[in-house]
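If you want the building blocks of each chain, they are given just below.
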Amino acid sequence: MKNQITNALSDFFFEYETPRQVLVRNRRVGVVCRLIQLGVLAYIIGWVFIYEKGYQSTDTAVSSVFTKMKGVGYTNVSGSERVWDVADYVFPPQGDSSFVVMTNYIITEGQKMGKQTLCMFLFQGQMTGVCVEGTKTCEVLAWCPVEDDHNIPDPPLLMSAENYTLFIKNSVTFPLFGVTRSNLVEGIDADYISKCLHDPKKAPLCPIFRLGDIVKLSGFSFETIARVGGAIGIVVDWTCNLDVDVKHCKPQYNFHGLYGNPAETDKARASVGYNFRYAKHYMEDRIQKRTLLKVFGIRFDIIVQSLARKFDIIPTLTAIGSGVGIFGVATVVCDLVLLYLLPKREFYKNMKFKYTDTHTQVSSFCL
């Protein structure tokens, strides 16, 4: 028993086993095998390494965006002239990545808080519980005169917004690679910014955009979207290959119409365009009053997309190892063809597998 254990351990540590290989001279099987291997090789090189960049590790950026609008608007409504600057038509005014530019409005001036009966018919107040006998209506506490928003100005009152300009400043950091970039890349200095205006072909890196151009590039009509409002997405795309000089890591700007398509002609929809209300309060003869504005505007959402790639030995070895493993598919397919499909499959089975008689081996060992 001791000798058997010793022999088993000796065989385990000092013997090497290798699979038995059979060279089959068959043109059909040979062609099938090489075609499969060629397909696997094309997949590894073309898809894994060239298209999917399987030899690189990836990282997404931490980003920051702030904006600044410039431009002055002018309106003349019923002989009342007014100039609108950035403080009047941009909401909110802090330069966020999401903001609204007013392009049309309905104004209701001189509203004051009081107990009225007319407001009841428009459901714009709080009922006090008092009935007015003369009009046979319920008294309400509300801001009056009430707003009349049934007639939206057409053409929009602030069509001049088409020529406003938007400045976008964006910084991104790829923590994994320790790379920080700004959309004010090499060559974009103060002198260039003072003269440039973004154009997808002539000035693709200029960070100053004309609102009319943004709307046009998003596929919308400015006059249509300015009348009732809408939403536009500005995508800043950072797709960078950090295996080359970092100065080649530059942003690309894309524009997408999100809401306000002029093709949407269904007048019965529940809500059309984009609008909101805000009020400016003031005191007159010790009475609190307000000016109510229903604002129609274009909402701009600046979205940063990022993906940086750089060579890394670990994903490279992983991709190579998985590719080598896939080469085994050719062997499996060819074995199936040899053992189950070809006319001489029994011959190939005898060549590939070695059969032994366990009972005979045991008897011989006992003798």
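Residues numbered from 1 in each chain as written. Predicted model: local features only at pLDDT ≥ 70, side-chain atom pairs only at ≥ 80, totals over all residues. Heavy atoms only, no water.

Quick reminder of the rule: UniProt positions are given in the numbering used here, feature names are shortened, and annotations may be inferred rather than shown by experiment.
The Catalytic activity (unreviewed entry) field of the UniProt record for the chain holds the comment "Ca(2+)(in) = Ca(2+)(out)". Per its UniProt entry, the chain bears the Function (unreviewed entry) comment "Receptor for ATP that acts as a ligand-gated ion channel."

### Concerning the pairing of strand S3 (residues 73–77)
For clarity, the cut-off: Here, strands pair whenever DSSP counts at least two bridges between them. Helix and strand assignments come from DSSP, with helices taken as H or I runs of at least 4 residues and strands as E runs of at least 2, each series counted from the N terminus.
Taken together, the five bridges between S3 and strand S4 (residues 80–84) define a ladder with antiparallel strand orientation. Residue pairing across strands places Thr-75 opposite Arg-82, the latter belonging to S4. The turn joining S3 and S4, which pair antiparallel and follow one another in sequence, is formed by two residues; a positive phi near 55 degrees is taken by Ser-78.

### Some details on unusual backbone geometry
Definition in use: Whether a residue is buried, partly exposed or exposed follows from its accessible area with a 1.4 Å probe, protein chains only, as a fraction of its type maximum: under 20%, in between, or over 50%, in that order.
The residue after Phe-91, namely Pro-92, is reached through a cis peptide bond having omega -15 degrees. One can find Pro-92 in the loop between strand S5 (90–91) and strand S6 (98–116). Geometrically, the link from Cys-144 to Pro-145 is a cis peptide bond, its omega value of 5 degrees lying close to zero. With respect to the secondary-structure elements, Pro-145 resides in the loop between strand S8 (137–144) and strand S9 (165–174). Look at Lys-53: it is not a glycine, yet its phi comes out positive at around 50 degrees. Positive phi values are uncommon outside glycine, yet Ser-78 reaches one of about 55 degrees. For Ser-78, a relative accessible area of 79% translates into the label exposed.

### Here's the deal with the side chain of Gln-111
Where we set the bar: Whenever two N or O atoms come within 3.5 Å, that pair is a polar contact, provided that in protein one can donate a hydrogen and the other can accept it, and provided that, for residues adjacent in sequence, both atoms are side-chain atoms.
By the element assignment, Gln-111 lies in strand S6. Classification of Gln-111 by relative accessible area gives buried; the value is 1%. Within the structure, Gln-111 has its side chain in polar contact with the backbone oxygen of Pro-145 (distance 2.8 Å).

### Some details on the UniProt feature "glycosylation site" (unreviewed entry) in the chain
As recorded in UniProt, the sites labelled "glycosylation site" (unreviewed entry) are Asn-163. With respect to the secondary-structure elements, Asn-163 resides in the loop between S8 and S9.

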